[in-house]
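Observations on chain architecture
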Amino acid sequence: MTELRIGADLESQVAARHHAAAEELSALPGFPALGPGPGTLAMLKIFAAVLQCSDGLAATNALTADAVRQVAHAVRETDVEVGRRLERVLPDLGPVVP
Amino acid sequence: MSFSLTSAGSPNVPRAAEGWLRSTGVDALDACADEVVAARDRAVSQLVGSSGLAYSLHVGQLLHHLEELRSRFVRAADLFGSYADRLAAHETLLAGVRARALAAGLEVAGDLVLPPQDPFDLVAGKTWSDLAGLVGDEQHDLLAWVSAHLEAAVESFADESLLDYVRGFVESYHSTLISAGGEGVLTKAGRLATRYADDLTRLGRLPGPIGLTYDAVTALEGDSPAEGLFVAGAGFVAATVAVATLPVTATTATVAGVTVLATVGGSLAAQMAWDRMPDEATDVLDEAAKDAWDATADVGVEILWDKVPEPMQDTADEIVADVVDGAQDLISAGFDEVRTWG
């Protein structure tokens, strides 16, 4: 029971938070249009540098969310496997129902 | 002979960029950091042992890089604010010169200060020369300021340690999935990781509109600017941003218009279309784009598109039509791919 709750919580709370974090950054490349001027190109390059970084951090958060989901999945599978083994070694207890 | 009082650029441009960085940009980074902190706090009681330590270290690095990036956003905003102040001072000086020219009885036609009609009016002649020198010096000083403050600062905004961290995480995550289950069991997460791992240059490329805009401006500085514009596209929105950043001239609008159409079909189709265009046409487009860019501050640019012989214009039209026809499949495929991310 404990493991299953943790698995669900990892997905609904931890992974979801990282997914939301990625979403916060995903809209950033829609920066305002820049008009002509002697510094426009330099401004664009600066925008490019910082937005490249934010895009990378958005991707990192998205993958972190997926990694946490993988962990949650592994927790659930482990729980099921432990239950099966317990049934085998302790048959008198009957099926282990979560 | 006359001299111009046309402003080199509006302070509203860097001011808008500064405002966006301070509000939208910084707010998004703060909101992102809040979510990560909330995730870490929630995970503390659930991820213990080796997994907890690994997660904790990873999130610690993530928060560190978010904080570093936030400081870069603020520094960029400060710099753009300084640039806006400098352009405002530039406009104030030009307005002062206009007032002095009018007070001295010089003729001002639009933004042009005409020389005295009477060549023997030495006082007016000296005033005109002094004012022309003042404006010339100001233009030179403004360019020097841009070079010293904006262009010189560009490199300092790159963050290789952050990009190395992202690359390292993506690569290790991908290889972990592969070793755990083999290629056949890759899930959506695996496909996402594969996408990044297989195309790590994407992290050296720029996302969305900023990528296209940067590519477009870089292309304009290159040997074949129109080709660069033609193949730089990634989508309608991106192309619109790029067009908005360019000097507004009929020539540029023509080239950028082709770019907008080309972006519908994606860069591959655009490159194919470009390659099919006759050299004469592409050369003219290159010249047009280059001149339009070089003439940012000029008043009136010759419309070179009109110099393209009609048969070539027709060829270009046909090619663009082909690109649009083929675009629907590419867009459909693109959306399918996007859906797999959702």
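Look up a bit, the structure's there.
Numbering of residues starts from 1 in every chain and runs along the sequence as written. Whichever chain is written first becomes A and whichever ligand is written first becomes 1, with later ones labelled in order. Where local features are concerned, this predicted model is filtered to residues with pLDDT of at least 70; where side-chain atom pairs are given and counted, the filter is 80 or more; whole-chain, interface and lining totals use all residues. Only hydrogens and water are removed before side-chain values are computed, so all heavy atoms of the structure are retained for them.

1. Details of the overall build of chain A
What counts as a helix is a DSSP run of H or I of at least four residues, what counts as a strand is a run of E of at least two, and both are numbered from the N terminus. When helices and strands are counted, chain A shows 2 helices and 0 strands. We call a residue buried when its accessible area falls under 20% of the maximum for its residue type, exposed when it is over 50%, and partly exposed in between, using a 1.4 Å probe and counting protein chains only. Residue burial in chain A is summarised as follows: out of 98 residues, 47% are buried. Excluding contacts between residues fewer than 6 apart, the proportion of contacts in chain A whose partners are at least 24 apart in sequence is 69%. Only the protein chains shown count as cover for residues, and the accessible areas themselves come from Shrake-Rupley with a 1.4 Å probe. About 4,400 Å² of surface is accessible on chain A, with carbon and sulfur atoms providing 57% of the total. In this description, contact between two residues means that some pair of their heavy atoms is separated by no more than 4.5 Å.

2. Quick notes on the sheet that holds strand E1 (residues 3-4) of chain B
Residues and elements named next belong to chain B. The criterion for strand pairing is that DSSP finds at least two bridges linking the strands in question. Taken in spatial order, the 3 strands line up as E1-E3-E2 in an open sheet, and their pairing is antiparallel. On the outer flanks of this sheet lie E1 and strand E2 (108-109), each paired with one strand and no other. As judged from the 2 bridges shared by E1 and strand E3 (residues 112-113), these two strands associate in the antiparallel manner. From the neighbouring strand, serine 4 faces E3, where its bridge partner is leucine 112.

3. Observations concerning the packing of aromatic side chains
Aromatic pairs are defined between Phe, Tyr and Trp rings, using the six-membered ring for Trp, whenever the two ring centres lie within 6.5 Å; interplanar angles under 30 degrees are classed as stacked, those over 60 as edge-to-face, and all others as tilted. The tally for this structure, following the rule as stated, stands at 4 aromatic pairs over all chains. Both rings, one in phenylalanine 47 of chain A and one in tryptophan 20 of chain B, keep their centres 5.7 Å apart while their planes meet at 65°; by these two values the pair is edge-to-face. In this pair, phenylalanine 47 of chain A sits in helix H2 (residues 40-89) while tryptophan 20 of chain B sits in helix H1 (residues 12-44), so the two residues belong to two different chains. Comparing phenylalanine 47 of chain A with tryptophan 20 of chain B shows no difference in burial state: the two are buried. Here the aromatic rings of phenylalanine 47 of chain A and phenylalanine 80 of chain B are separated by 5.6 Å at their centres, their planes lie at 50°, and the arrangement is tilted.

4. Here's the deal with the side chain of aspartate 159 of chain B
Structurally, the position occupied by aspartate 159 of chain B is in the loop between helix H3 (122-150) and helix H4 (160-181). Aspartate 159 of chain B sits in the buried class, given a relative accessible area of 6%. Pairs of N or O atoms are called polar contacts if they sit within 3.5 Å, as long as, within protein, a hydrogen donor faces a hydrogen acceptor (for residues adjacent in sequence, only side-chain-to-side-chain pairs). A polar contact is formed between the side chain of aspartate 159 of chain B and the backbone nitrogen of leucine 162 of chain B, at a distance of 3.1 Å. Sequence-distant contacts of aspartate 159 of chain B, defined by excluding residues within four places in its chain, comprise Cys53 of chain A together with Glu68 and Arg72 of chain B.

5. Topic: the side chain of glutamate 138 of chain B
Residue and element names in this part refer to chain B. Along the polypeptide, glutamate 138 turns up in helix H3. For glutamate 138, a relative accessible area of 7% gives the class buried. Apart from the residues lying within four places of it in its own chain, the contact partners of glutamate 138 are Arg86, His90 and Leu93.

6. Remarks on the nonpolar core
Core analysis: the biggest nonpolar cluster contains 64 residues, and Phe47 of chain A together with Leu66, Phe73, Phe80 and Leu150 of chain B have the highest contact counts within it. For this core, the elements supplying multiple residues, two or more each, are helix H1 (2-26) and H2 of chain A together with H1, helix H2 (49-103), H3 and H4 of chain B. The greatest single-element share of this core, amounting to 15 residues, is contributed by H2 of chain A. The term nonpolar core refers to a set of buried residues drawn from Ala, Val, Leu, Ile, Met, Phe, Trp, Tyr and Cys, joined through side-chain atoms within 4.5 Å. With 12 residues, the next largest nonpolar core counts Leu94, Val97, Val113 and Trp128 of chain B among its residues.

7. Quick notes on H1 of chain B
Every helix has an expected span of 1.5 Å times one less than the residues it contains. Here H1 of chain B is 33 residues long and its end C-alpha atoms lie 47 Å apart, about the 48 Å a rise of 1.5 Å per residue gives. We define the bend at any residue as the angle between the axes fitted to the seven residues before and including it, ending there, and the seven starting there. Where H1 of chain B bends most, at leucine 21 of chain B, the angle is about 35°.

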